[in-house]
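Structural description and commentary
Spelled out, the chains give:
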Amino acid sequence: MKFSRFRGKDVWKMAWKMALFAVVLAALAGVGVYFGGKYAVPKVTAFLEEMKENRAKNNASGEVSGLDMADMQDGEGSTEDSQDAEGGEEGSQDAEGGEEGSQDAEGEEGSQDAGDGGEGAQDAGDGEGSPQPEEGEGGTNGVGDTAIHRYQYVVEDCSWPEAAERCREKGGYLAVINSQEEYDYIIQELEANHLEKTMFFLGASRGEGSEYYWMDTDGEFTGEPLNGAGQWMQGEPSFQDGEIEENVMAMFRYEEEGRWVWNDIPSNILESFSYYSGKIGYICEFNE
C-alpha cells in the first residue's frame, strides 16, 4: 500500500512537470517565431535578392563578352583585309619595279649600242661643241676649284701611280684639296665610314724638286706650292725617311696631334714598309 501511494504521487508530479515543460517549449517556440520573423526573414530576403542581382550581372557580362569576341573577330578580319590590300599594293609596286627594271635594261642596251659607235663617239666628244674648262675654273682635275665634289674612298694595296691610274679609269682623278671646307668635308666622310686607320694617297707630288704641288691629269704641276700649308703633320714634309725617298702626299689620322694631317711618303710605300698592307688607300674625286 505505501508503495502504491508513493507511485501515484510520483506519476502526478511527472505529469505536472511534463505539462510545465510543454508550456515552456511552446513559449520559447513563439518567441523564436516572433524574433525570427522580425530579423531573419529580411536577411534571407536580401540574400535572395543579391543572388538574383549577381545572376543578372553574370548574364550581362556574358553578353558583353560575346559582343567583344565578335568585335575582335571582325577586327581581325579587317586587319587581314588590310594586309591583303597591302600585299596587293606591294605586288603592284613589284610589277612597277619590274617594268622600270625592263626600261632600265632597255636604256642600258641603248647606251651600249651608242657606245659601240667606237671612234665616232669619241670624235663627237672631242668636238668644238663639248664644254671646256675656262681659266680660273681649274683644270680637268679641279685644281683651283673650291667646290665640293663627289669623292670615292678606296682601300687597296697599291702605289701612288697605280692609284692615279685607277682614278682615271673611273673617270676621276686623285683628290685635289683647294680649301679648308673641302678638307673638312672629306674628313667628315672618312670618319663616317670609320676609315681612321687607313692612309690615303692624294693628288700631289714634288717630282725631283723640294716643293709639293697638286698634279693635273697630264701629270703636270699646277697651282701654288703646298709646303707651307697648315695641314701638314709637324716637321713635314721631310722628303725622305732615312735613305728612303718620299715624293708623294698622303693624308691620315695622326692620334698624337689629334687630327688628320698631310705627310709625304714613298710613292710605293709597301715596297719599303710592308706592314702597311691593308692600311693603304686612295681618294678619287669626280667633278659632279
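Residues numbered from 1 in each chain as written. Predicted model: local features only at pLDDT ≥ 70, side-chain atom pairs only at ≥ 80, totals over all residues. Heavy atoms only, no water.

1. Remarks on the overall build of the chain
Scanning the chain for helices and strands turns up 5 helices and 10 strands. In the chain, which comprises 288 residues, the proportion classed as buried is 24%. Put simply, of all contacts in the chain between residues at least 6 apart along the chain, 70% involve residues at least 24 apart. Working note: accessible area of the chain is about 19,600 Å², and carbon and sulfur atoms make up 52% of it. (Helix = DSSP H or I, 4+ residues; strand = E, 2+ residues; numbered from the N terminus. Buried < 20%, exposed > 50% of the residue type's maximum accessible area, 1.4 Å probe, protein only. Contact = heavy atoms within 4.5 Å. Areas by Shrake-Rupley, 256 points an atom, 1.4 Å probe, with all protein chains shown as cover.)

2. Considering a nonpolar patch on the surface
Taken together, the side chains of Leu20, Phe21, Val24, Leu25 and Leu28 define a hydrophobic patch exposed on the protein surface, amounting to about 480 Å² of accessible area. For valine 24, the position within the fold is in helix H1 (residues 2–115). (Patch = residues over 30% accessible without salt bridge, like charges linked within 9 Å, V, L, I, M, F, W, Y side chains within 5 Å. Salt bridge = Lys/Arg side-chain N within 4 Å of Asp/Glu carboxyl O.)

3. Description of the pattern of salt bridges
In this structure the tally under the stated criterion is 7 salt bridges. As a salt-bridge pair, glutamate 288 and arginine 150 come within 2.6 Å of each other at their nearest N and O atoms. One end of the pair, glutamate 288, is in the segment after strand S10 (280–286); the other, arginine 150, is in strand S1 (residues 150–155), and 138 residues separate them in sequence. Glutamate 288 sits in the exposed class, given a relative accessible area of 60%. Its salt-bridge partner being glutamate 191, residue arginine 253 comes within 4.0 Å of it at the nearest N-O pair. Placement of the pair is arginine 253 in strand S8 (residues 248–254) and glutamate 191 in helix H4 (residues 180–192), with a sequence separation of 62 residues. When its relative accessible area of 31% is taken as the criterion, glutamate 191 is described as partly exposed. In the salt-bridge network here, residues are joined through shared partners; they are Glu191, Arg253 and Glu255.

4. A few points about the side chain of glutamate 285
Position of glutamate 285 among the secondary structure elements: in strand S10. Buried and unpaired, glutamate 285 has arginine 150 as its nearest opposite-charge partner, separated by 10 Å. Within the structure, the side chain of glutamate 285 is placed 2.8 Å from the side chain of histidine 149, a separation counted as a polar contact. There is a polar contact of 3.0 Å between the side chain of glutamate 285 and the backbone nitrogen of valine 176. Those residues in contact with glutamate 285 that lie beyond four places of it in its chain are His149, Arg150, Tyr151, Gly172, Tyr173, Ala175, Val176 and Glu182. (Lys, Arg positive; Asp, Glu negative; His and termini not counted. Polar contact = N/O pair within 3.5 Å; in protein donor to acceptor, adjacent residues only side chain to side chain.)

5. Quick notes on the state of the cysteines
A complete count under the given rule lists 1 disulfide for this structure. Disulfide partner of cysteine 167: cysteine 284, at an S-S distance of 2.0 Å. Sign of the S-S torsion, about -85° for the bond between cysteine 167 and cysteine 284, identifies this disulfide as left-handed. Of the two residues, cysteine 167 sits in helix H3 (residues 160–169) while cysteine 284 sits in strand S10, which places them 117 residues apart along the sequence. Across the pair, cysteine 284 and cysteine 167 agree in class, each one buried. (Disulfide = S-S within 2.5 Å.)

6. Re the packing of aromatic side chains
Taken as a whole and assessed by the stated rule, the structure comprises 11 aromatic pairs. Cluster of aromatic residues (ring-pair linked, three or more members): Tyr183, Tyr212, Trp214, Trp232, Phe239 and Trp262. It is arginine 150 that lies over the ring of phenylalanine 286; its NZ or CZ is 4.2 Å from the centre. (Phe/Tyr/Trp six-rings, centres within 6.5 Å; stacked < 30°, edge-to-face > 60°. Lys NZ or Arg CZ within 6 Å of the ring centre and 35° of its normal.)

7. Some remarks on unusual backbone geometry
Glutamate 236 connects to proline 237 through a cis peptide bond whose omega is 0°. Relative to the helices and strands, proline 237 is located in the loop between strand S5 (221–222) and strand S6 (240–241). The backbone of histidine 194 sits at a positive phi, close to 55°, despite the residue not being glycine. Residue position: histidine 194 is located in the loop between H4 and strand S3 (199–205). On the accessibility criterion, histidine 194 (66% relative accessible area) is exposed. In this model, phenylalanine 239 sits at a positive phi of 70°, which is unusual for a non-glycine residue. With respect to the helices and strands, phenylalanine 239 occurs in the loop between S5 and S6.

Functional significance is not addressed by these values, which are geometric in nature.
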